[in-house]
Amino acid sequence: MPVNPKNKVIVSIYRDGDLYFSVGVVESTGKVVKISLPKTDKTKAIADITNYYPDFELRDEYKDIAKDISRIYKGKKVDFDLGMLELDVDKSNRDLPVKSTFQKDVLLETYNIPYGEVETYKSLAEKLISRAYRAVGTVMAKNPFPLVVPCHRVVKSDLTIGQYGGGRKMKGELLKKEGVHLKGDKIIKKNYRT
DNA sequence: TCGATGGCTTGTA
DNA sequence: CTACAAGCCATCG
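Source: prediction; values computed, not measured.

## Quick word on the protein's contact with DNA strand B
Near DNA strand B, the surroundings consist of 16 residues, among which K122, R134, M140, A141 and C151 are the closest. Among all atoms of DNA strand B positioned within 4 Å of the protein, those belonging to sugar or phosphate total 50%. Taking A141, its main chain carries an N or O atom lying 3.2 Å from a base nitrogen of DNA strand B. Taking Q163, its main chain carries an N or O atom lying 3.0 Å from a base nitrogen of DNA strand B. The set of elements that each furnish at least two residues to the surface near DNA strand B consists of helix 4 (121–127) and helix 5 (133–141). Broken down by element, the surface near DNA strand B gets its largest block of residues, seven residues, from helix 5. A breakdown of the residues in the surface near DNA strand B according to their chemical character gives seven nonpolar, five polar and four charged.

What follows is the structure, given as structure tokens:
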């Protein structure tokens, strides 16, 4: 695949203990195009970005973003500016992380789920006047900005936790760190509101 | 273009 | 409680 120099990506890594948090930022625009869930191995953290953006350079300049992401992971409430994310949809540009308006709309709704709360795939779809529950799940699965776009706060209608890119275990732990009460892999009702 | 595939949901047994 | 089928709809090859 030919590489468009306009889309050269800078990868920055923040290390916290044995976890590596990585972020990919387009050099020409300064926008984040990819965030990865923590890896226990630096190579994997880089690979997670560069699988999508093979033309990259490892630099420290966006380390603070990766650090903020690590703070979200630790359960802190972090104010993250949406404007830093590349959310443009342009079908003629294959390198943009968000491929459709549907995907963008779902990501934006997800972004608005407050800290410490959960919402279901179903209610998210219904907010978009759609019955595309499964398609919402697909958007979550492909979320380019995990943690910042808190797909870990999206759960199944029966209030069980559902799947997660980093595994159910990580999803449950993330929710607990935010104060969501769980019994096994099920959200306790009183902590749920739409 | 069209069928297969999902981080889903609901109903039935 | 579990299991399975059918329905749903955006995405991918």
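Having seen the structure, we can now continue with the description.
## Concerning the protein's contact with DNA strand C
Surrounding DNA strand C, one finds S100, F102, R131, A132, R134, A135 and K142. Sugar plus phosphate: this is where 83% of the atoms of DNA strand C within 4 Å of the protein reside. Within the side chain of S100, a nitrogen or oxygen atom sits 2.3 Å from a phosphate oxygen of DNA strand C. Of the residues assigned to the surface near DNA strand C, the class counts are three nonpolar, one polar and three charged.

## Looking at the layout of surface pockets
Left-over empty space is what a probe sized like a water molecule reveals as it rolls over the atoms. Each pocket or cavity is described by its volume, and for the largest pocket that value is around 910 Å³. Mapped by element, the contributors of at least two residues to the lining of the largest pocket are strand 3 (32–35), helix 5 and helix 6 (168–177). Examining the composition of the lining of the largest pocket, we find that five residues originate from one element, helix 5, more than from any other. In this structure, the second largest pocket spans a volume of roughly 220 Å³. Looking at the second largest pocket, it is lined by 14 residues, and the ones nearest its centre are V78, F80, Y111, V148 and R153. Among the residues making up the lining of the second largest pocket, the classes are represented as 10 nonpolar, no polar and four charged.

## What about the packing of aromatic side chains?
Inspection of every chain in the model, using the stated rule, returns one aromatic pair. One cation-aromatic arrangement involves K177 over Y73; the distance from NZ or CZ to the ring centre is 4.0 Å.

## With respect to helix 1 (residues 42–50)
Within the span of helix 1, buried status applies to A45, I46, D48, I49 and T50. On its buried face, helix 1 is in contact with strand 1 (9–16), strand 2 (19–26), strand 3 and strand 4 (56–58). By the N-cap criterion, in which a side-chain oxygen at the helix start approaches the backbone nitrogen of a residue two or three places on, helix 1 is capped by D41, the distance to T43 being 2.7 Å.

## Here we look at the sheet that holds strand 2
Strands belonging to one sheet form pairs held by backbone hydrogen bonds; the direction of such a pair is parallel or antiparallel. Taken together, the four strands give an open sheet; going across it, the order is 3-2-1-4, and neighbouring strands pair in mixed fashion. Looking along the sheet, the strands with just one partner apiece sit at the ends: strand 3 and strand 4. Pairwise comparison of adjacent strand axes, ignoring direction, gives a mean angle of 25 degrees for this sheet. Relative to strand 3, strand 2 runs antiparallel, the two sharing three bridges. Residue pairing for strand 3: G24 is matched across the bridge by K34. Strands in contact with helix 2 (residues 63–73) are strand 1, strand 2 and strand 3; relative to strand 2, the strand with the most contacts, it is inclined by about 130 degrees.

## Description of the domain arrangement of chain A
Split into domains, chain A comes out as domain 1 (5–84) and domain 2 (101–191). The distance between the C-alpha centroids of domain 1 and domain 2 comes to 22 Å. Opposite the 15 residues of domain 1 that make contact, domain 2 presents 14 residues. Carbon and sulfur atoms make up 74% of the area that domain 1 and domain 2 hide from each other, which totals about 1,400 Å². Area buried by domain 1 at its contact with domain 2 is led by L37, Y73 and L82, which between them contribute 40% of it. Where domain 1 packs against domain 2, one counts zero salt bridges.

What counts as what
Residues numbered from 1 in each chain as written. Chains lettered and ligands numbered in written order. Predicted model: local features only at pLDDT ≥ 70, side-chain atom pairs only at ≥ 80, totals over all residues. Heavy atoms only, no water. Near = heavy atom within 4 Å. Polar contact = N/O pair within 3.5 Å; in protein donor to acceptor, adjacent residues only side chain to side chain. Helix = DSSP H or I, 4+ residues; strand = E, 2+ residues; numbered from the N terminus. Nonpolar A, V, L, I, M, F, W, Y, C, P; charged D, E, K, R; others polar. 1 Å grid on protein atoms, 1.4 Å probe; cavity = no way out; pocket = protein on both sides within 12 Å on 5 of 7 lines; lining within 4 Å. Points joined across faces, edges and corners; volume = space filled by probe spheres on them. Phe/Tyr/Trp six-rings, centres within 6.5 Å; stacked < 30°, edge-to-face > 60°. Lys NZ or Arg CZ within 6 Å of the ring centre and 35° of its normal. Buried < 20%, exposed > 50% of the residue type's maximum accessible area, 1.4 Å probe, protein only. Contact = heavy atoms within 4.5 Å. Pairing = 2+ DSSP bridges. Axes fitted to C-alpha atoms, helices over the stretch in contact; angles between N-to-C directions. Domains from an automatic or database assignment. Buried area = accessible area lost by both parts, 1.4 Å probe. Salt bridge = Lys/Arg side-chain N within 4 Å of Asp/Glu carboxyl O.

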